[in-house]
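Observations on chain architecture
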Amino acid sequence: MDIKTNMDLLNRELRPAGVRLVAVSKTHAPERIREAYEAGQRIFGENQVQELVPKYEALPKDIEWHLIGHLQTNKVKYIVPFVSLIHAVDSLKLLQEINKQGGKINRVVPCLLQVYIAQEETKYGWDRAELLAAVQQGLFRDLPFVDIRGLMGVASLTDHVGQIEAEMQLLEDLFYELQHLTLPANMKMKELSLGMSSDYRIAMRHGTTLVRLGSAIFGNRNYPKP
Ligand SMILES: *Cc1c(COP(=O)(O)O)cnc(C)c1O
């Protein structure tokens, strides 16, 4: 099916539930992104800075670009001027660097904290205890150039629905737990970024407000051969 048909079908499910769609355009050429844009899509997600920056430069300026992948501190400066949301802030060091670069251009940068929920070695993020301790210790205070809007998670890539449910439940519980704590002024629990093409319906049962969908919109990705 074409991009517009895919998006229409997805929006029919997502919009009534108030869930926003991040179209994950990594590996796809600007022309395909433009196709989704012409069909009304305005939020796009990329997982690499070196792919995000040229696409930002080439495409319409009313696109909201989200960085959804792991971000290295030395690349923060390239996206801070324009990025609409950084999903995967997985350490205090990274948050401090975003704050520092935001301060240089006087821009408050919207962020989500990535929480580790998958039973996979490769996934980045805070764990529950570490995040709660950081809040209690006030580690997120005094970072006026970051706006922490919520949490992000990536569940295990598995066919085992029960496992995905359990991982998403952890994140949902933590999200509500944090909502009931006294948080610093730069931190709110409004957004939950959970769900990819394979598991977004499960995420919708676990309070997600943003789903990150690539293949469900654009079809399979063709990664360049190594
Ligand atoms: C690639 C990617 C997605 C989208 O994956 P699909 O399975 O194509 O929907 C979502 N989230 C992150 C963090 C990704 O890197």
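Quick note: structure is the one above.
Quick notes on the rules
- Residues numbered from 1 in each chain as written.
- Predicted model: local features only at pLDDT ≥ 70, side-chain atom pairs only at ≥ 80, totals over all residues.
- Heavy atoms only, no water.
- Helix = DSSP H or I, 4+ residues; strand = E, 2+ residues; numbered from the N terminus.
- Rg over C-alpha atoms; globule rule 2.2 N^0.38 Å.
- Contact = heavy atoms within 4.5 Å.
- Areas by Shrake-Rupley, 256 points an atom, 1.4 Å probe, with all protein chains shown as cover.
- Lys, Arg positive; Asp, Glu negative; His and termini not counted.
- Charge placed at Lys NZ, Arg CZ, Asp CG, Glu CD.
- Buried < 20%, exposed > 50% of the residue type's maximum accessible area, 1.4 Å probe, protein only.
- Pairing = 2+ DSSP bridges.
- Right-handed = clockwise from strand over helix to strand, strands pointing away.
- Axes fitted to C-alpha atoms, helices over the stretch in contact; angles between N-to-C directions.
- Parallel < 35°, antiparallel > 145°, perpendicular 65-115°, else oblique.
- Nonpolar A, V, L, I, M, F, W, Y, C, P; charged D, E, K, R; others polar.
- Near = heavy atom within 4 Å.
- Polar contact = N/O pair within 3.5 Å; in protein donor to acceptor, adjacent residues only side chain to side chain.

1. Here we look at the overall build of the protein
Along the backbone of the protein there are 9 helices and 8 strands. Relative to the globule expectation of 17 Å for 226 residues, the C-alpha radius of gyration of the protein, 17 Å, shows essentially globular dimensions. The contacts of the protein with a sequence gap of at least 6 include a subset with a gap of at least 24, amounting to 61%. As displayed, the protein has an accessible area near 11,000 Å², and 50% of this comes from carbon and sulfur atoms. With 27 positive and 27 negative side-chain charges, the protein shows a separation of 5 Å between the mean positions of the two kinds.

2. Comments concerning the pairing of strand β4 (residues 85–89)
Of all 5 residues that make up β4, 5 are buried, and the element is covered over most of its length. Where strand β3 (residues 64–67) and β4 come together, 2 bridges link them in parallel fashion. Within β4, the residue paired with His66 across the bridge is Leu85. As defined by bridge partners, β4 adjoins strand β5 (residues 109–114) across 2 bridges and the pair is classed as parallel. Paired with Val89 across the strands is Leu113, a residue of β5. The β-α-β motif built from β4, the intervening helix α5 (residues 92–104) and the parallel element β5 has right-handed crossover chirality.

3. Quick notes on the pairing of strand β2 (residues 43–46)
Residues in a regular strand point their side chains to alternate faces of the sheet. Here β2 shows a buried face lined by Ile43 and Gly45 and a second buried face lined by Phe44 and Glu46. As defined by bridge partners, strand β1 (residues 20–24) adjoins β2 across 2 bridges and the pair is classed as parallel. Its bridge partner being in β2, Val24 is matched across the sheet by Gly45. For the handedness criterion, the β-α-β arrangement of β1, helix α2 (residues 30–38) and β2 is classed as right-handed. Inspection of the sheet shows β2 paired to β3 by 4 bridges, in the parallel sense. Paired with Ile43 across the two strands is Glu64, which belongs to β3. Traced from β2 through helix α3 (residues 49–58) to β3, the parallel crossover comes out right-handed.

4. Let's talk about the packing of helix α6 (residues 128–136) against helix α7 (residues 161–179)
Running from N to C, α6 and α7 cross one another at 10 degrees; their axes reach a closest spacing of 11 Å. For the element pair α6 / α7, the angle class is roughly parallel. Of the residues in α7, those in contact with Arg128, Leu131, Leu132 and Val135 of α6 are Leu174, Glu177 and Leu178. Taken together, the residues of the contact of α6 with α7 sort by class into 5 nonpolar, no polar and 2 charged.

5. Thoughts on the site of the ligand
Around the ligand, the neighbouring residues are Val24, Lys26, Ile68, Met196, Ser197, Arg212, Leu213, Gly214, Ser215 and Arg221. Within the backbone of Gly214, a nitrogen or oxygen atom sits 2.9 Å from an oxygen atom of the ligand. Arg221 has a polar side-chain atom sitting 2.7 Å from an oxygen atom of the ligand. Isolated, the ligand exposes 390 Å² of accessible area, and the fraction of that covered by the protein chains is 88%.

Worth remembering: the numbers are spatial, not functional.
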